[in-house]
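Spelled out from the first residue to the last, the chains are:
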Number of protein chains: 2
Amino acid sequence: MSLSLNQWTTRRWSVAEAVDGCARHGLEAIGLWREKVAEQGLAASAKLVRDAGLRVSSLCRGGFLTTGGEAFAAALADNRRAVDEAAELAAACLVLVVGGLPGVKPGEPLSETAGRDLAGARERVAEALAELAPYAGERGVKLALEPLHPVYCPDRAVVSTLGQALDLALAYPEEQVGVVVDTFHVWWDPRLFADVARAGRRIASYQVCDYLHPLPADVLLGRGMMGDGVIDFPPITRAVLDAGYTGDVEVEIFNADVWAADPDEVLATMKARYAEVVRA
Amino acid sequence: MSLSLNQWTTRRWSVAEAVDGCARHGLEAIGLWREKVAEQGLAASAKLVRDAGLRVSSLCRGGFLTTGGEAFAAALADNRRAVDEAAELAAACLVLVVGGLPGVKPGEPLSETAGRDLAGARERVAEALAELAPYAGERGVKLALEPLHPVYCPDRAVVSTLGQALDLALAYPEEQVGVVVDTFHVWWDPRLFADVARAGRRIASYQVCDYLHPLPADVLLGRGMMGDGVIDFPPITRAVLDAGYTGDVEVEIFNADVWAADPDEVLATMKARYAEVVRA
């Protein structure tokens, strides 16, 4: 396993700056975000990572597929574009955050039309996957379904456990659909170790960050530097390795303090913490 | 099924006031809290509910059993007292909120000695149950293991899913250990309907309240009046009924606005909402 910088961890950096940062700190891989790639330009971003000899451990992110009607077709079209981008960047996978209940938006009060049909939203995900998996397969891109912590079920992801993501993925060939193991999202799951073993080589991405306590008012920013929260990493890392995962370990932290810090210090800290508290 | 007032919903009321309120609104059952019972007096509380002809649908709560060492013995002793109280009150069950990681406290920053051994904390729960289940059985009290939403895993309950609670309960006779189905805690679970069916008559308590969006800064207070959040209740109610549950439906809401409201209005609203949005 080798460490990868998910570029949202150093959110103020452009793709060019993040690629330079990885080189400066001896990292071999980077996780890119579509927004940052669009700012830099797709072809330019692909050239930057290629010239720097970096692997692209993931592209974040497709998904948001749970709205029915016309918005569903638009979401599928956007996801096909994300697949094309992942192909051009030679990303190891395209991370899918599948979306929450239809009409339920992060940070906004419930509207009159907010959906409560959780089972229906989950069916939309399965339908979308049936459209997108073959498309991705033809372009050599692996979709990586990311289960999000159940606290995000209303507004961000109705795929809430690794087991649920895995059951969805298993309907497709291994090279088309895998799953993400993100410690923040799954550390609490009593079935975690059984499902990591069951996932085996379906694990398309291993992402690490800590679960802070107490959570900040905006729970999205409850992701902390490894060692700053409640997660015991080595058993999870060992299980992922034992399952046959040979990819990179991405550090993806959404945290106001980390974003405010000097990105070079963040990279130095994440390297040190990886060695101290994450490795099996 | 018949509606029950969990008295924390009308938190400002004493046991005597809550018993009167139930009678005034035609409710047949009440869920009591140990703190309130202690303030009223145990024998006095038992007499009040008996004279009013109310069933005690649950006593809240025992638990907090995940700390090892000397604190573990003290926690067991306190839980035995809770069992005795449940017996005197003829409560249908004693709800157990099992506790979080050792040394991790709600609302307080992590200390240097905070525990990260989640598997160990879960073992403590199983050990405690082995002590408490026979004790409860001898006194005709059913322990009801309550899985809490995974957002409470660090500080309140390392039992995070209905399936996990059920696996713990199944080691004991049905009359000794059951499980709680609280909509707030389990609505997101992809395995909910399978595990409710598997639980069958192990369901010792069905508690309802909604899951608000967005959550307030203190996630403990994210419990809302039914209809004010994202939960689709009838499928869950139907599943609980189909599993063979014949007990009361307790409304348990932790919510600053509900606590600030006139308790009689809260009871009127909960009766109306129960009929409108909860019943199968």
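Parameters at a glance
Residues numbered from 1 in each chain as written. Chains lettered and ligands numbered in written order. Predicted model: local features only at pLDDT ≥ 70, side-chain atom pairs only at ≥ 80, totals over all residues. Heavy atoms only, no water. Contact = heavy atoms within 4.5 Å. Buried area = accessible area lost by both parts, 1.4 Å probe. Salt bridge = Lys/Arg side-chain N within 4 Å of Asp/Glu carboxyl O. Polar contact = N/O pair within 3.5 Å; in protein donor to acceptor, adjacent residues only side chain to side chain. UniProt positions renumbered as here; feature names shortened; annotations may be inferred. Helix = DSSP H or I, 4+ residues; strand = E, 2+ residues; numbered from the N terminus. Buried < 20%, exposed > 50% of the residue type's maximum accessible area, 1.4 Å probe, protein only. Pairing = 2+ DSSP bridges. Axes fitted to C-alpha atoms, helices over the stretch in contact; angles between N-to-C directions. Right-handed = clockwise from strand over helix to strand, strands pointing away. Arc of directions from axis to C-beta.

- Going by an unreviewed UniProt entry, chain A carries the name Sugar phosphate isomerase/epimerase and comes from Nonomuraea wenchangensis.

**Some words on the interface of chain B and chain A**
- Residue-level contacts link 37 residues of chain B with 37 residues of chain A.
- Of all residues in chain B, B:R116, B:W188 and B:H213 bury the most surface against chain A, accounting for 23% of the area lost on that side.
- For the interface between chain B and chain A, the tally reads zero salt bridges.
- Between chain B and chain A we count 10 residue pairs in polar contact (both at pLDDT 80 or more) in total.

**Digging into the UniProt feature "domain: Xylose isomerase-like TIM barrel" (unreviewed entry) in chain A**
- Within this structure's numbering, the places UniProt gives as "domain: Xylose isomerase-like TIM barrel" (unreviewed entry) are residues 22-262 of chain A.
- This span, residues 22-262 of chain A, is 40% helix and 17% strand, and a straight line between its end C-alpha atoms measures 14 Å.

**Notes on the side chain of B:N79**
All names here are of chain B.
- As for its placement among the helices and strands, N79 is situated in helix α4 (residues 69-88).
- Exposure remark for N79: the relative accessible area of 1% places this residue in the buried category.
- Among the polar contacts listed, one links the side chain of N79 to the backbone nitrogen of G63, at a separation of 2.6 Å.

**With respect to the pattern of salt bridges**
Residue and element names in this part refer to chain A.
- Under the defined criterion, the tally for this structure stands at 36 salt bridges over all chains.
- Between R81 and D78 there is a salt bridge whose closest N-O contact spans 3.3 Å. Highlighted residues: R81 and D78, both in helix α4 (residues 69-88), separated by three residues, approximately one helical turn.
- The exposure class assigned to D78 is partly exposed, which follows from its relative accessible area of 28%.

**Points about the sheet that holds strand β7 (residues 203-208) of chain A**
All names here are of chain A.
- The parallel closed barrel is built from eight strands, whose spatial order is β1-β2-β3-β4-β5-β6-β7-β10. Taken over all neighbouring pairs, the strand axes of this sheet differ in orientation by 30 degrees on average, direction set aside.
- Contacts from helix α9 (residues 233-242) reach β6 (177-182) and β7 within the one sheet, and its direction differs from that of β7 by about 165 degrees.

**Some thoughts on the pairing of strand β3 (residues 55-63) of chain B**
Residue and element names in this part refer to chain B.
- β3 sits mainly inside the fold: seven of its nine residues count as buried.
- Strand direction decides the pairing type here: strand β2 (residues 29-33) and β3, joined by five bridges, are parallel. Bridging from a neighbouring strand, W33 pairs with C60 of β3.
- Pairing of β3 with strand β4 (residues 94-97), which is carried by four bridges, proceeds in the parallel orientation. Paired with C60 across the strands is V95, a residue of β4.
- The parallel pair β3 and β4 is bridged by α4, and the resulting crossover is right-handed.

**Re helix α1 (residues 15-24) of chain B**
All names here are of chain B.
- The set of residues buried in α1 consists of V15, A18, V19, G21 and C22. Projected down its long axis, α1 shows its buried positions confined to an angular sector of 160 degrees, all on one face. Across from the buried face of α1, at angles greater than 90 degrees, the exposed residues are A23 and R24.
- Buried residues in α1 make contact with β1 (3-6), β2, α2 (34-40), α3 (42-51) and α11 (263-278).
- Where α1 terminates, the next one or two residues include G26, which has phi positive at roughly 75 degrees.

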